[in-house]
Amino acid sequence: NMTLGLTGEGFSQAISVFTGSAQIAAAIVPLVIVLAFLFAGFFIRAEVMPGVVRWGQNLSFLYWGYNALAKNEFDNRGDPISLQILGQLNEYSRW
């Protein structure tokens, strides 16, 4: 999705502005992206994460973007697979 790509690019540019050095930004940006993937639920579901780090999903732009895409795609279909996918989303993503 283009929105997720632009959001990731914005995070990368913000980090490079705050660090003031291209070398430091090049070291920090991959860490931020990997953490965004980790907390988005692609590798580990939120229910399995310890409670101390579970709040990290609220900071992940990929988590919210994926939930918005799933809601947009599968809402109001009514078939069992769509209902199963929507059931996996948390209560905050059911706007």
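Bear in mind the structure is a predicted one, so any value in this text is a computation, not a measurement.

Peer 1: Please give an account of the overall build of the protein chain that cites residues and values.
Peer 2: The helix and strand inventory of the protein chain stands at four helices and zero strands. Helices and strands in the protein chain line up, N terminus first, as α-α-α-α. Here the C-alpha atoms of the protein chain give a radius of gyration of 16 Å, more than 25% beyond the 12 Å that 2.2 N^0.38 yields for 95 residues. Along the three orthogonal principal directions, the C-alpha set of the protein chain runs to about 50 × 30 × 20 Å. Considering the protein chain as a whole, with its 95 residues, one finds that 25% of them fall into the buried category.

Peer 1: Which residues make up the packing of aromatic side chains, and what are the values?
Peer 2: Across all of its chains, the model carries two aromatic pairs by this definition. Summarising the aromatic geometry, the rings of Phe-11 and Phe-61 are spaced 5.1 Å apart at their centres and angled 25° between planes, so their arrangement reads as stacked. In this pair, Phe-11 is assigned in helix α1 (residues 2-19) and Phe-61 in helix α3 (residues 61-74), connecting sequence segments 50 residues apart. By relative accessible area, which is 14% here, Phe-61 ends up buried.

Peer 1: Before we move on, can you summarise a nonpolar patch on the surface with the specific residues and values?
Peer 2: A cluster of nonpolar side chains, namely Phe-37, Phe-42, Phe-43, Ile-44, Val-48 and Tyr-66, defines an oily patch on the protein surface of about 600 Å² accessible area. By secondary structure assignment, the location of Phe-43 is in the loop between α2 (22-40) and α3.

Peer 1: Would you mind going over the nonpolar core in detail, with residue names and values included?
Peer 2: Within the largest apolar cluster, six residues are counted, these being Leu-4, Ala-36, Ala-40, Phe-61, Leu-62 and Tyr-63. For this core, the elements supplying multiple residues, two or more each, are α2 and α3. No other element matches the three residues that α3 contributes to this core. The residues touching Ala-40, leaving out its near neighbours within four places in the chain, are Ser-60, Leu-62 and Tyr-63.

Peer 1: Could you give an account of the environment of Gln-23, naming the residues involved and the relevant values?
Peer 2: Secondary-structure assignment places Gln-23 in helix α2. Sequence-wise, Gln-23 and Gly-51 are 28 residues apart; in three dimensions their C-alpha atoms are separated by 34 Å. In this structure the side chain of Gln-23 is engaged in a polar contact, spanning 3.1 Å, whose partner is the side chain of Ser-21.

Reading guide: rules and limits
- Residues numbered from 1 in each chain as written.
- Predicted model: local features only at pLDDT ≥ 70, side-chain atom pairs only at ≥ 80, totals over all residues.
- Heavy atoms only, no water.
- Helix = DSSP H or I, 4+ residues; strand = E, 2+ residues; numbered from the N terminus.
- Rg over C-alpha atoms; globule rule 2.2 N^0.38 Å.
- Buried < 20%, exposed > 50% of the residue type's maximum accessible area, 1.4 Å probe, protein only.
- Phe/Tyr/Trp six-rings, centres within 6.5 Å; stacked < 30°, edge-to-face > 60°.
- Patch = residues over 30% accessible without salt bridge, like charges linked within 9 Å, V, L, I, M, F, W, Y side chains within 5 Å.
- Areas by Shrake-Rupley, 256 points an atom, 1.4 Å probe, with all protein chains shown as cover.
- Salt bridge = Lys/Arg side-chain N within 4 Å of Asp/Glu carboxyl O.
- Core = buried A, V, L, I, M, F, W, Y, C linked by side-chain atoms within 4.5 Å.
- Contact = heavy atoms within 4.5 Å.
- Polar contact = N/O pair within 3.5 Å; in protein donor to acceptor, adjacent residues only side chain to side chain.

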